[in-house]
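Here is how the chains run, residue by residue.
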Amino acid sequence: MLSRGQVYVLEGDAALEYANVVAGVGKLIRGAPDGRTQIVGLLFPSDFIGTYEKHRSDRTEAYTIEAATDLEICSFPRGKFAQLTDVHPALETKILARTVDELRLARDWMVLLGRKTAAERVATFLIYVADKTAANGCGSQNGSFELPLSRADIADHIGLTVETVSRQITEFRKAGALEISGARKITRYDREALVEAAGF
């Protein structure tokens, strides 16, 4: 169990294990040579951690993984996991399917960062978190959910300034697309309005 802000693995460390997120949300962080960092993804419950390569033992961690919220992880040694996939080959197929999904999401995120307006970026992020939260049984289609990131982290993740993120969230609230309690609690949202704002 990791508390918010604790680091699970560091980019460049030897990759000794795979893991699954059991509860909470993690941040995937990539560093630049000049010391700057970028949040390149989020990990939600049931997400697989690690680049699966069955016959390589010299992998290093591609990302730093930090707890965005309190984070519970179930980890297992890479060698033992490879043995498990020998016994249960369907597991390997599921991991491949998840890898394809992650590639699609990464490509979608490239479009978001390269072509979408500020309002579209914020709306897309809100829909993504709402849908992932609902899929894990922690929210409802038009119900409430918790933002796992601070405004600063959201801005970092979607390539905007903190002020722009805050302004867009305020605009959505004024338009009736969101109701907010405190800094992170979305008490109600209008998915159709956000989908339209996201440009889908």
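First things first, this report covers the structure right here in the doc. A quick note: this is a predicted structure, and the numbers were derived from the prediction, not measured.

### Section: the packing of aromatic side chains
Turning to step 1, where the next piece is worked out: Applying the stated rule across the entire model yields six aromatic pairs.
Turning to step 2, where the next piece is worked out: An aromatic cluster is present here, built from Y18, F48, F76 and F81 joined pairwise through their rings.

### Re the environment of W109
Turning to step 1, where the next piece is worked out: Among the structural elements, W109 can be located in helix α2 (residues 89-115).
Turning to step 2, where the next piece is worked out: Judged by its relative accessible area of 12%, W109 falls in the buried class.
Turning to step 3, where the next piece is worked out: The spacing of W109 and G41 is 68 residues in sequence and 9.3 Å in space, taken between C-alpha atoms.
Turning to step 4, where the next piece is worked out: Excluding residues within four positions of it along the chain, W109 makes contact with T124, F125, H157 and I158.

### Some details on the pattern of salt bridges
Turning to step 1, where the next piece is worked out: Scanning the entire structure with this criterion turns up eight salt bridges.
Turning to step 2, where the next piece is worked out: For E11, the salt bridge goes to R30, with nearest N and O atoms at 3.2 Å. Of this pair, E11 sits in the loop between β1 (7-9) and β2 (17-23) while R30 sits in strand β3 (residues 26-31), and the two are 19 residues apart along the sequence.
Turning to step 3, where the next piece is worked out: A relative accessible area of 31% means that E11 is categorised as partly exposed.
Turning to step 4, where the next piece is worked out: Of the residues examined, R30 reaches a relative accessible area of 40% and is grouped as partly exposed.
Turning to step 5, where the next piece is worked out: Its salt-bridge partner being E179, residue R188 comes within 3.2 Å of it at the nearest N-O pair.
Turning to step 6, where the next piece is worked out: Taking relative accessible area as the criterion, E179 reaches 40% and is therefore assigned partly exposed.
Turning to step 7, where the next piece is worked out: Salt bridges here are not isolated pairs; linked through shared partners, they connect K27, E66 and D153.

### Section: the sheet that holds β3
Turning to step 1, where the next piece is worked out: Read from one edge of the open sheet, four strands run β1-β6-β3-β4, paired in antiparallel fashion. At either end of the open sheet lies a strand with only one pairing partner, and these are β1 and β4 (37-43). When the angles between neighbouring strand axes are averaged without regard to direction, this sheet yields 30 degrees.
Turning to step 2, where the next piece is worked out: Summarising the sheet, β3 and β4 pair through six bridges and their orientation is antiparallel. Paired with I29 across the two strands is I39, which belongs to β4.
Turning to step 3, where the next piece is worked out: Set on the sheet, helix α4 (residues 151-158) makes contact with β3 and β4; between it and β4 the angle comes to about 100 degrees.

Calculation rules
Residues numbered from 1 in each chain as written. Predicted model: local features only at pLDDT ≥ 70, side-chain atom pairs only at ≥ 80, totals over all residues. Heavy atoms only, no water. Phe/Tyr/Trp six-rings, centres within 6.5 Å; stacked < 30°, edge-to-face > 60°. Helix = DSSP H or I, 4+ residues; strand = E, 2+ residues; numbered from the N terminus. Buried < 20%, exposed > 50% of the residue type's maximum accessible area, 1.4 Å probe, protein only. Contact = heavy atoms within 4.5 Å. Salt bridge = Lys/Arg side-chain N within 4 Å of Asp/Glu carboxyl O. Pairing = 2+ DSSP bridges. Axes fitted to C-alpha atoms, helices over the stretch in contact; angles between N-to-C directions.

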